[in-house]
Amino acid sequence: MSTAVVFTPSPLLTVTIEAQPDGTTELHVHGGGQGVWIARMMASLGCETRLAGPFGGESGEVLKPLIEREGIVPRPLDIADTNGAYVHDRREGERSVVATHNPPTLQRHDHDQLYDLTLVEGLSADVVVLGGPDGPDVIDPETYRRLAADLTSQNVPVVVDLSGDYLEAAVSGGVHLVKVSHEELLDDGRATSDDPEHLIEAARKLRDAGAANVVVSRAGDPALALLGDRAVKVLTPSFERADHRGAGDSMTAGLAVGLATGTSLEDALVLGSAAGTLNTTRHGLATGERELIEQLATRVRLEDL
């Protein structure tokens, strides 16, 4: 079985209030945050996935068994602070924020321990995914540069799904694959418009800065990718969306699992695109069944640009 490590500096405890068809209310309690969502889909796709992150306080104690229930293997760092959390109300269809507790800033000692934990665990993995922080001031972007550089120097494939200073730092350390949305490229000033030519040009600049391969998701439009020197557009079936949230994390997970299993970049892109597309038909963030995703992948094709 392929193995992976997902770095997440801020696992979250999430509570979602849902309305049921019979008029009753149901509460859904899960682990969350970008790293957890990516790890959840990777585990669903049959990859042994270890999650390196800090856990503390009441939220942290609740989070550990919730994450294990998803098939993820926690590699917890015990901290004194309480994990971040949120409560969302979706009874009216759209998400409404009821309450939010921001994740804590990692203290120096905790930061160093989490770094070493991720590094050593990653050395024995087939792929390492660096997830971003789910809150302000959680961790310094320089951490991502160092992790990327140290793991890449040991021939461990590094996948990142980041933006802003975190993306810039990780790429400067050298990464095997970047997954980034076109909105993030525009917000960061890396692309001048959402025209495919401009997005591919932004991908080329990321490659020149240290990313061997770049995938650009584009919400409801076909994703674009720069696989080495090959620029492609990803054509997937079009479905009515139940919830767009989690599709990007699902795509990142599929890409990482493909790399972990030793498939080609093209096949990894197809798997990731199928995982992201199918996730839009569901309400669960980064959820899906492996057999259905693999079946949908047979309908995904790449078109050279």
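Everything in this summary refers to the structure shown in the same document. Worth saying up front: this structure is predicted, and the values here are computed from it rather than measured. (Residues numbered from 1 in each chain as written. Predicted model: local features only at pLDDT ≥ 70, side-chain atom pairs only at ≥ 80, totals over all residues. Heavy atoms only, no water.)

**So, a negative patch on the surface**
Thought 1: Taken together, the side chains of D165, E168, E183, D187 and D188 present a region of like negative charge at the surface.
Thought 2: Contributing elements (two or more residues each) for the negative patch: α5 (164-173) and α6 (182-187).
Thought 3: With respect to the helices and strands, E183 occurs in helix α6.
Thought 4: For E183, a relative accessible area of 37% corresponds to the partly exposed category. (Patch = residues over 30% accessible without salt bridge, like charges linked within 9 Å, V, L, I, M, F, W, Y side chains within 5 Å. Areas by Shrake-Rupley, 256 points an atom, 1.4 Å probe, with all protein chains shown as cover. Salt bridge = Lys/Arg side-chain N within 4 Å of Asp/Glu carboxyl O. Lys, Arg positive; Asp, Glu negative; His and termini not counted. Charge placed at Lys NZ, Arg CZ, Asp CG, Glu CD. Helix = DSSP H or I, 4+ residues; strand = E, 2+ residues; numbered from the N terminus. Buried < 20%, exposed > 50% of the residue type's maximum accessible area, 1.4 Å probe, protein only.)

**Some remarks on the sheet that holds strand β3 (residues 25-32)**
Thought 1: A sheet is described by the order of its strands in space; here four strands give the open sequence β3-β2-β6-β7, paired in mixed fashion. Each edge of the open sheet carries a strand with a single partner, namely β3 and β7 (96-101). Within this sheet the neighbouring strands show an average axis-to-axis angle of 15°, counted without direction.
Thought 2: With five bridges connecting them, strand β6 (residues 84-89) and β7 associate as antiparallel partners. Counterpart to A85 in the pairing with β7 is H101.
Thought 3: Of the strands in this sheet, β3 and β6 touch helix α1 (residues 34-44), which is tilted by about 95° from β3.
Thought 4: Against the sheet, helix α2 (residues 57-69) contacts β2 (12-19), β3 and β6, and its axis sits at roughly 90° relative to β3. (Pairing = 2+ DSSP bridges. Axes fitted to C-alpha atoms, helices over the stretch in contact; angles between N-to-C directions. Contact = heavy atoms within 4.5 Å.)

**Quick notes on the side chain of Q34**
Thought 1: Tracing the chain through its elements places Q34 in helix α1.
Thought 2: A polar atom in the side chain of Q34 sits 2.4 Å from the backbone nitrogen of G132.
Thought 3: Engagement of the side chain of Q34 in a polar contact is seen with the backbone oxygen of D161, the distance being 2.9 Å.
Thought 4: For Q34, the residues in contact, after removing those within four places along its chain, are G131, G132, D134, D161 and D249. (Polar contact = N/O pair within 3.5 Å; in protein donor to acceptor, adjacent residues only side chain to side chain.)

**Concerning the packing of aromatic side chains**
Thought 1: Scanning the entire structure with this criterion turns up two aromatic pairs.
Thought 2: Here the aromatic rings of F7 and Y144 are separated by 5.6 Å at their centres, their planes lie at 75°, and the arrangement is edge-to-face. In this pair, F7 is assigned in strand β1 (residues 3-7) and Y144 in helix α4 (residues 142-153), connecting sequence segments 137 residues apart.
Thought 3: Relative accessible area serves as the criterion here: at 0%, Y144 is assigned to the buried category.
Thought 4: On the basis of an interplanar angle of 75° and a centroid distance of 5.5 Å, the ring pair of Y144 and Y166 is categorised as edge-to-face. Placement of Y144 in helix α4 and of Y166 in helix α5 is noted, with a sequence separation of 22 residues between them. Neither Y144 nor Y166 differs from the other in exposure class; each is buried.
Thought 5: Through a chain of ring-to-ring contacts, three or more aromatic side chains come together here, namely F7, Y144 and Y166.
Thought 6: In this structure, R146 packs its charged tip against the face of Y115, placed 4.0 Å from the ring centre. (Phe/Tyr/Trp six-rings, centres within 6.5 Å; stacked < 30°, edge-to-face > 60°. Lys NZ or Arg CZ within 6 Å of the ring centre and 35° of its normal.)

**Describing the environment of Q20**
Thought 1: If you trace the backbone, Q20 turns up in the loop between β2 and β3.
Thought 2: Residue class for Q20 comes out partly exposed when judged on its relative accessible area of 25%.
Thought 3: The spatial distance from the C-alpha of Q20 to the C-alpha of R91 is 8.3 Å, given a sequence separation of 71 residues.

**Some words on the nonpolar core**
Thought 1: The biggest cluster of nonpolar side chains holds 46 residues, and the ones touching the most others in it are M42, L51, L269 and I293.
Thought 2: Excluding residues within four positions of it along the chain, L51 makes contact with V6, T8, G35, V36, A39, I67, I72, V73, P74, R75 and P76.
Thought 3: If you look at the next biggest cluster of nonpolar residues, it comprises 42 residues, including Y115, L119, V138 and A203. (Core = buried A, V, L, I, M, F, W, Y, C linked by side-chain atoms within 4.5 Å.)

That is the geometry; function is a separate question.
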